[in-house]
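Structural overview
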Number of protein chains: 2
Amino acid sequence: MREITVGGAQMGPIQKAESREAVVARMIVLLEAAAKRGCDLVVYPELTLTTFFPRYWMDDEAEIDAWFEREMPNGATKPLFDRARELEIALCLGYAELTPEGDHYNTQILTDRTGAIVGKYRKVHLPGHSEYDTERAFQHLEKKYFLPGDLGFPVWRNMDAWMGMMICNDRRWPESWRLMGLQGVELVVFGYNTPSVNSQMGGEGLEKRLYHSELVICAGAYQNATWAVAVAKAGDEDGHPLMGGSIIVDPNGFVVAKAQTEGDELITAVCDMDATVFGKETIFDFARHRRIEHYGPITAQTGVKTPEA
Amino acid sequence: MREITVGGAQMGPIQKAESREAVVARMIVLLEAAAKRGCDLVVYPELTLTTFFPRYWMDDEAEIDAWFEREMPNGATKPLFDRARELEIALCLGYAELTPEGDHYNTQILTDRTGAIVGKYRKVHLPGHSEYDTERAFQHLEKKYFLPGDLGFPVWRNMDAWMGMMICNDRRWPESWRLMGLQGVELVVFGYNTPSVNSQMGGEGLEKRLYHSELVICAGAYQNATWAVAVAKAGDEDGHPLMGGSIIVDPNGFVVAKAQTEGDELITAVCDMDATVFGKETIFDFARHRRIEHYGPITAQTGVKTPEA
């Protein structure tokens, strides 16, 4: 048994006017609760520190950059990192990253129990669009404000386990899961900000959107025999609802913990990394069963090519 | 609207002693029922014509070859093809194929409404093993009796739609779905023979196995915005239980029809091929969202490589 007690620290809404300091104070409340429940690792949402700003059209560079972090930890997040180090709890959190070179990414980091950053991931599958879209009920401008991640999908050794990261929309792409599965990942951690309403199909409804999120996470976990922890920023941000549904999924594809609210809420599970072994050695023993001689188009072409083309 | 009424013709068990002629008679009963319900296409299971023989260890070449078909249609299946042509119903069925060159495949064919074969698929992801396994509750010798399919995952134009095929265990591999998704597939049809018991983990239970099957089918359909029809051979074959759970899934990943029994049972759904458009043009618009520059390992390596390796 290689047990890691994982906490998913779902965050309720963060209003546009809310300060990072106020958000970090809420994060520390969840961290203290996680410590009481014996957590070794606490996972926070995508873009934890601010409202989901890609819903807003902005032209002013300074206005845009104000949503980004130039270093991590920084002044606002130092109290979180300090307290986590004292409690010997590892952290995963997402934030908007502005590099010294001036590049913008949707980023997530993973620390060990001493607070050292062991892994950084930059979101690869950016949803949405880059130009103003008059057809949508609201904007989703991740392709405007972020570059696609340039770090791939690495896994890192942390707490005697192979851990990997993705962010939000990456979960819908089986390629994200498989790239980590091919490195033996045992625990995939990530956050998301998912609008409760489909900006291009208002009638879809929250229930279907929660189903889609759970579906792809459970499938990705099962098909790669890995634990998965998916953590939402949820609730109403200045009139824009985000869905909750944070879950912890076992390597058999079953939900073992699930958030019940759209507010700040901690879910936890004791995750035995050795529970990944059965799947990896039987039905999903890639070395015996995958047939890469047929997989060429997956990497050779980006879009659809029908046979007539 | 491009509506195709699809029937999933789940078959109950076929005992070892049962003749192909008796099986075909049962298939025709389901075909007649499908005609009454307005079906344009009827999908039968994997290895429709016989018991699931890969559970038996056989050394004698003639005994093995007796489970295979040397041509399709042949004497035993001609009445099915004839009746389908009269009813103008297209067929999909699986069978064990022995080629003129002496190669053995787990094969599935698709006809148009005139009975002409428009597509052939040979199972790529063969589960199980090739040597006698004393650790298993029962054998699963697909790797002994079949070669891996050599035809890839093509799609074919049939009834004004892009149709693709897979077989059984292929459904658990997101690569199967994606390869067809990259060709614009709108309807994936396949059969399966899935033991109700995990031969390597007896306590798993039927409910979890049905969940896994539905999970990967719904995920594959959603992630590629395609209809999917999955048809079981089910029930007790000479003491070896196979699970049912045949389903039709919409391009949004929702089950729209589901078998209730483990016997011969027809499920049907009116499938609008244009219902695939929304997903293909928005969240799963591959051309806009896939990032193949990171996908290399999916085709470059078969098995797991951890970072230390």
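Residues numbered from 1 in each chain as written. Chains lettered and ligands numbered in written order. Predicted model: local features only at pLDDT ≥ 70, side-chain atom pairs only at ≥ 80, totals over all residues. Heavy atoms only, no water.

Next up on the list: the overall build of chain A. Each helix and strand in chain A was counted, giving nine helices and 14 strands. Against the globule reference of 19 Å for 309 residues, chain A gives a C-alpha radius of gyration of 19 Å, in line with a compact fold. The dimensions of chain A, computed from C-alpha atoms along their principal axes, are 60 × 55 × 40 Å. Summarising the internal contacts of chain A: among those between residues at least 6 apart in sequence, 69% fall at separations of at least 24. Taken as a whole, chain A presents about 10600 Å² of accessible surface, with 52% of it coming from carbon and sulfur. Looking at chain A, you have 31 positive and 45 negative side-chain charges, and the mean spots of the two groups are 3 Å apart. (Helix = DSSP H or I, 4+ residues; strand = E, 2+ residues; numbered from the N terminus. Rg over C-alpha atoms; globule rule 2.2 N^0.38 Å. Contact = heavy atoms within 4.5 Å. Areas by Shrake-Rupley, 256 points an atom, 1.4 Å probe, with all protein chains shown as cover. Lys, Arg positive; Asp, Glu negative; His and termini not counted. Charge placed at Lys NZ, Arg CZ, Asp CG, Glu CD.)

What follows concerns the sheet that holds strand E9 (residues 227-232) of chain A. All names here are of chain A. In spatial order, the strands read E6-E7-E8-E9-E12-E13; together these six strands make up an open sheet with mixed pairing. Every other strand in the sheet has two partners, leaving strand E6 (155-158) and strand E13 (255-258) as the edge strands with one partner each. Strand-to-strand twist in this sheet, taken as the mean axis angle between neighbours without regard to direction, amounts to 20°. Relative to the sheet, helix H5 (residues 174-181) contacts E6, strand E7 (161-165), strand E8 (187-192) and E9, its axis offset from that of E8 by approximately 150°. (Pairing = 2+ DSSP bridges. Axes fitted to C-alpha atoms, helices over the stretch in contact; angles between N-to-C directions.)

A word on the interface of chain A and chain B. Taken together, the 66 residues of chain A in the interface contact 66 residues of chain B. Between chain A and chain B, the buried area comes to about 6200 Å², and carbon and sulfur atoms account for 66% of it. Where chain A touches chain B, the interface holds four salt bridges. With its nearest N and O atoms 2.9 Å apart, the salt bridge here joins B:Glu175 to A:Arg290. For the interface between chain A and chain B, the tally reads 31 residue pairs in polar contact (both at pLDDT 80 or more). Of all the secondary structure elements, the ones that give two or more residues to the side of chain A that touches chain B are H5, helix H6 (206-224), helix H8 (286-289) and helix H9 (296-300) of chain A. (Buried area = accessible area lost by both parts, 1.4 Å probe. Salt bridge = Lys/Arg side-chain N within 4 Å of Asp/Glu carboxyl O. Polar contact = N/O pair within 3.5 Å; in protein donor to acceptor, adjacent residues only side chain to side chain.)

Looking now at the packing of helix H1 (residues 20-36) of chain A against helix H3 (residues 78-87) of chain A. All names here are of chain A. For the pair H1 and H3, interaxial distance at closest approach is 9 Å and the crossing angle is 10°. It follows from the interaxial angle that H1 and H3 lie roughly parallel. Counting all contacts with H1, which are made through Val24, Met27, Ile28, Leu31, Glu32 and Ala35, the residues of H3 involved are Pro79, Leu80, Arg83, Ala84 and Leu87. In terms of residue class, the contact of H1 with H3 is built from nine nonpolar, no polar and two charged. (Parallel < 35°, antiparallel > 145°, perpendicular 65-115°, else oblique. Nonpolar A, V, L, I, M, F, W, Y, C, P; charged D, E, K, R; others polar.)

On to the pairing of strand E4 (residues 104-111) of chain B, then. Residue and element names in this part refer to chain B. The buried fraction of E4 is high, at eight of eight residues. The two faces of E4 match: His104, Asn106, Gln108 and Leu110 on one face and Tyr105, Thr107, Ile109 and Thr111 on the other face are all buried. Pairing of strand E3 (residues 90-98) with E4 involves seven bridges; the strand directions are antiparallel. Paired with Gly94 across the two strands is Gln108, which belongs to E4. The hairpin formed by E3 and E4 contains five residues between the paired strands, and Gly102 there has a positive phi angle of roughly 90°. Across five bridges, E4 lies against strand E5 (residues 117-122) in antiparallel orientation. Residue pairing for E5: Leu110 is matched across the bridge by Gly119. Joining the antiparallel neighbours E4 and E5 is a turn of five residues, in which Gly115 adopts a positive phi near 90°. (Buried < 20%, exposed > 50% of the residue type's maximum accessible area, 1.4 Å probe, protein only.)

With that settled, the discussion passes to the confidence of the model for chain A. Of all residues in chain A, 100% attain a pLDDT of 70 or more, and the chain-wide mean is 97. Note on the complex model: pTM 0.98, ipTM 0.98. (pLDDT = per-residue confidence, 0-100.)

All names here are of chain A. Taking 1.5 Å of rise per residue, the 17 residues of H1 would be expected to cover 24 Å, and the 24 Å separating its terminal C-alpha atoms lies within 8% of that figure. Along H1, the positions that sit buried rather than exposed are Arg20, Val23, Val24, Arg26, Met27, Ile28, Leu30, Leu31 and Ala34. Looking at the buried positions of H1, the neighbouring elements they touch are strand E1 (3-10), strand E2 (41-43), H3, strand E3 (90-98) and strand E14 (265-272). Once H1 ends, the next one or two residues include Gly38, with phi positive near 80°. (Expected span 1.5 Å × (residues − 1).)

Attention shifts here to the relation of the copies chain A and chain B. In this arrangement, two copies of a chain are superimposed by a rotation about an axis accompanied by a shift along the axis. The two copies are related by a screw operation: chain A maps onto chain B through 180° of rotation and 0.0 Å of translation along the axis, at an RMSD of 0.0 Å. Here the transformation between the copies is reduced to the relation of a two-fold axis. Both copies present the same face, since 100% of the interface residues in chain A are matched by interface residues at the equivalent positions in chain B. (Least-squares fit on C-alpha atoms with pLDDT ≥ 70 in both.)

Further remarks concern the layout of surface pockets. Its volume calculated, the largest pocket comes out at about 680 Å³. Surrounding the largest pocket, 36 residues form its lining, A:Asn198, A:Arg209, B:Phe278, B:Thr282 and B:Ile283 being those nearest its centre. Among the secondary structure elements, those contributing two or more residues to the lining of the largest pocket are H6 of chain A together with helix H7 (277-281) and helix H8 (286-289) of chain B. With three residues, H6(A) is the single largest residue contributor to the lining of the largest pocket. Looking at side-chain class alone, the lining of the largest pocket contains 13 nonpolar, 14 polar and nine charged residues. Counted as a void, the second largest pocket has a volume near 570 Å³. As for the second largest pocket, its lining consists of 34 residues, and the residues nearest its centre are A:Thr282, A:Ile283, B:Asn198, B:Gln200 and B:Arg209. The class makeup of the residues in the lining of the second largest pocket is 13 nonpolar, 14 polar and seven charged. (1 Å grid on protein atoms, 1.4 Å probe; cavity = no way out; pocket = protein on both sides within 12 Å on 5 of 7 lines; lining within 4 Å. Points joined across faces, edges and corners; volume = space filled by probe spheres on them.)

Turning next to the side chain of A:Asn193. Residues and elements named next belong to chain A. Counting through the fold element by element, Asn193 comes out in the loop between E8 and H6. Under the relative-accessibility criterion, Asn193 is labelled buried at 1%. For Asn193, the side chain forms a polar contact with the side chain of Lys233, separated by 2.7 Å. Every residue in contact with Asn193, bar those within four places of it in the chain, is listed here: Glu46, Leu47, Phe52, Cys168, Lys233 and Leu242.

Another aspect to go through is empty space enclosed by the protein. Under the definition given, this model contains five cavities of 30 Å³ or more. Quantified by volume, the largest cavity comes out at close to 60 Å³. Of all the elements in the fold, those that place two or more residues in the lining of the largest cavity are H5 of chain A together with helix H5 (174-181) of chain B. Of the residues that constitute the lining of the largest cavity, the class distribution is four nonpolar, no polar and four charged. Roughly 40 Å³ of internal volume is contained in the second largest cavity. What lines the second largest cavity is B:Phe52, B:Arg55, B:Phe138, B:Gln139, B:His140, B:Pro195, B:His240, B:Pro241 and B:Leu242. By residue class, the composition of the lining of the second largest cavity is five nonpolar, three polar and one charged.

What follows deals with the UniProt feature "domain: CN hydrolase" (unreviewed entry) in chain A. Taking the UniProt record as the reference, the feature "domain: CN hydrolase" (unreviewed entry) is found at residues 4-275 of chain A. A helix fraction of 23% and a strand fraction of 28% characterise residues 4-275 of chain A, whose end C-alpha atoms lie 12 Å from each other. (UniProt positions renumbered as here; feature names shortened; annotations may be inferred.)

Looking now at unusual backbone geometry. With the exception of glycine, most residues fall at negative phi, and the peptide bonds are largely trans. Here the residue pair A:Met72 and A:Pro73 is connected by a cis peptide bond, since its omega of 0° sits within 30 degrees of zero. On the secondary structure map, A:Pro73 appears in the loop between helix H2 (61-65) and H3. Positive phi, normally seen in glycine, also occurs at B:Asp160, with a value near 60°. Inspection of the secondary structure assignment puts B:Asp160 in the loop between strand E6 (155-158) and strand E7 (161-165).

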